[in-house]
2 protein chains.
Amino acid sequence: MANNKYQFFVFIYMNEQNYPEFTGLELSPRKADYLKFIFEKKGTVKTTEISSCLQVDPSTTSKTLTELATAGYLNHVLYRGVDLTEMGMEYAEFLVRRHRILSLLFTHYGLSTEEACAEVSRFEAFVSRDAVNKICNSMGHPMVGVCGEISHEKCIHEGHYH
Amino acid sequence: MANNKYQFFVFIYMNEQNYPEFTGLELSPRKADYLKFIFEKKGTVKTTEISSCLQVDPSTTSKTLTELATAGYLNHVLYRGVDLTEMGMEYAEFLVRRHRILSLLFTHYGLSTEEACAEVSRFEAFVSRDAVNKICNSMGHPMVGVCGEISHEKCIHEGHYH
DNA sequence: AAATTTTTTGGAGTCAACCCAAATTTGTTT
DNA sequence: AAACAAATTTGGGTTGACTCCAAAAAATTT
């Protein structure tokens, strides 16, 4: 058929699995919340779950999910739920790392874990990947944030990660 | 007259000159830009000046100025210009301090002055006064930011402070 | 299969930030 | 001082992000 070469291209692309082009500023704070929640849940997530956690009407969630799917972060099977695409997974990992690095950073300056977490949740979406990487590097790539092995249940409920 | 007591109240209030109730999250990033620019200019500032610096239509500036005046940050004399109220002055001082503390902080983690400044400009509006005070305290209230005695001309032009 | 629940769609509102065009005021020139 | 030019404001309108409500559609439960 005529589109064999396109299939080939997609194959190569998927196999390399790197999307190094993102700046970290692609998603609004709200959209990032959606993505982080879905990431945290692992596997398929239903609209209602997200709605009740993020405290918005299901119709709002449904529309946002469509947008995130269109942008390539999610697979959305209508009436069934969403899960992360490979890109979404990679991006969500960045989102969580960013949150944790910045939270850890702030706890080094007199903020409690909770304060740092809350503070960072407000602005993290505007910190670039480059900056996060530099900070991360400078901190020696800490494996344990202010929240390492802590259960994230509570955090998820409050809309941020510890 | 009937409103003597109100005048008296206002007198006391103005004389105490403290507005300790702000969280630091009152102004949007954009509004904060306006306030910082006006602060930097010292004295009365004209609409055109702000417009050309912030790269927006004068009509946009005019409307924003009205909003900032209504909120109590500016004195706005129609067709003449604006200057900071006492509250506006106090708030602008906080805005600049916040910018500089955060920029200084980021330069300690591998970002250049310019990178830190640009990065911080994007998110500073979402960092609370409490957090800034804690960080400031923890850093020993540094008198010199990454920009202490540097002329701020260039910075103003780029929309941020060094 | 019918009833109930979940999800989506259609329609619409709010809010911040923006621009254009027209009106108003100020400043400048003759 | 009148006329013109420049700056400022006002009126009206757009966009994008986020939101909700009501109705339709699909899935699940009974």
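A brief look at the structure comes next. (Residues numbered from 1 in each chain as written. Chains lettered and ligands numbered in written order. Predicted model: local features only at pLDDT ≥ 70, side-chain atom pairs only at ≥ 80, totals over all residues. Heavy atoms only, no water.)

1. A look at unusual backbone geometry
All names here are of chain B. What counts here: Numbering of helices and strands runs from the N terminus, with a helix taken as a DSSP run of H or I at least four residues long and a strand as a DSSP run of E at least two residues long. The buried label goes to any residue with under 20% of its type's maximum accessible area, the exposed label to any with over 50%, and the partly exposed label to all in between, with areas taken from a 1.4 Å probe on protein chains only.
Look at Lys42: it is not a glycine, yet its phi comes out positive at around 55 degrees. The residue Lys42 is located in the loop between α2 (29-41) and α3 (47-54) in this model. Lys42 gets classed as exposed once you look at its relative accessible area, which sits at 65%. Positive phi values are uncommon outside glycine, yet Gln55 reaches one of about 60 degrees. Of note, Gln55 is situated in the loop between α3 and α4 (58-70).

2. Overview of the packing of aromatic side chains
Residues and elements named next belong to chain B. Where we set the bar: Each Phe, Tyr or Trp ring, with Trp reduced to its six-membered ring, pairs with another whose centre is within 6.5 Å; inter-plane angles below 30 degrees give stacked pairs, above 60 give edge-to-face pairs, and intermediate values give tilted ones.
Considering all chains together, one arrives at 12 aromatic pairs over all chains under this definition. Pairing Phe106 with Phe123 gives two aromatic rings, centres 5.5 Å apart and planes at 40 degrees, and the pair type is tilted. Pair noted here: Phe106 is in helix α5 (residues 86-107) and Phe123 is in helix α6 (residues 113-123), with a separation of 17 residues, a long-range link. The same class applies to Phe106 and to Phe123, which are both buried.

3. As for the environment of Thr107 of chain B
Residues and elements named next belong to chain B. The condition that has to hold: In what follows, residue pairs with any heavy atoms lying within 4.5 Å of each other are defined as contacts.
Take Thr107: it is sitting in helix α5. Overall, the relative accessible area of 21% leaves Thr107 in the partly exposed class. Separated by 10 residues in the primary sequence, Thr107 and Cys117 place their C-alpha atoms 8.9 Å from one another. Thr107 has contacts with Ser112, Thr113, Ala116 and Val146, leaving out every residue within four places of it along the chain.

4. Observations regarding the protein's contact with DNA strand C
Let me state the cut-off plainly: Residues are classed as near a molecule or strand on a simple rule: at least one heavy atom within 4 Å of it. Here a polar contact is taken to be a pair of N or O atoms separated by no more than 3.5 Å, where protein atoms must pair a possible hydrogen donor with a possible acceptor and residues adjacent in sequence count only if both atoms sit in side chains. Nonpolar residues are Ala, Val, Leu, Ile, Met, Phe, Trp, Tyr, Cys and Pro. Charged residues are Asp, Glu, Lys and Arg, and all others, Gly as well, are polar.
By nearness alone, 22 residues border DNA strand C, and Thr48, Lys63 and His76 of chain A together with Ser28 and Ser59 of chain B come closest of all. Tyr79 of chain A is positioned such that a nitrogen or oxygen atom in its backbone is 3.4 Å from a phosphate oxygen of DNA strand C. Between DNA strand C and the protein, one listed contact pairs a phosphate oxygen with a side-chain N or O atom of Thr60 of chain B at 3.1 Å. Those elements that place two or more of their residues in the surface near DNA strand C are α3 (47-54) and α4 (58-70) of chain A together with α2 and α4 of chain B. In terms of residue count, α4 of chain A provides more of the surface near DNA strand C than any other element does, 4 residues in total. Taken together, the residues that form the surface near DNA strand C break down as 6 nonpolar, 9 polar and 7 charged.

5. Topic: the pattern of salt bridges
All names here are of chain A. Note the cut-off: Salt bridges, as used here, are contacts in which a Lys or Arg side-chain nitrogen is within 4 Å of a carboxyl oxygen on Asp or Glu.
As enumerated under the stated definition, the model contains 12 salt bridges over all chains in all. Residue Glu49 is joined to Lys41 by a salt bridge in which the shortest nitrogen-to-oxygen separation is 3.6 Å. Overall, Glu49 belongs to the partly exposed group, its relative accessible area being 30%. The class of Lys41 is partly exposed, set by a relative accessible area of 35%.

6. Let's talk about the protein's contact with DNA strand D
Taken together, 21 residues sit near DNA strand D, with Ser28 and Ser59 of chain A together with Thr48, Lys63 and His76 of chain B positioned nearest. When atoms of DNA strand D within 4 Å of the protein are sorted by moiety, sugar and phosphate together comprise 67%. Lys46 of chain B places a side-chain nitrogen or oxygen 3.4 Å from a phosphate oxygen of DNA strand D. Taking His76 of chain B, its side chain carries an N or O atom lying 2.5 Å from a phosphate oxygen of DNA strand D. When contributions to the surface near DNA strand D are tallied by element, the ones reaching two or more residues are α2 (29-41) and α4 of chain A together with α3 and α4 of chain B. Examining the composition of the surface near DNA strand D, we find that 4 residues originate from one element, α4 of chain B, more than from any other. Each residue belonging to the surface near DNA strand D can be placed in one class, and the counts come to 5 nonpolar, 9 polar and 7 charged.

Interpretation in functional terms is not warranted from these geometric data alone.
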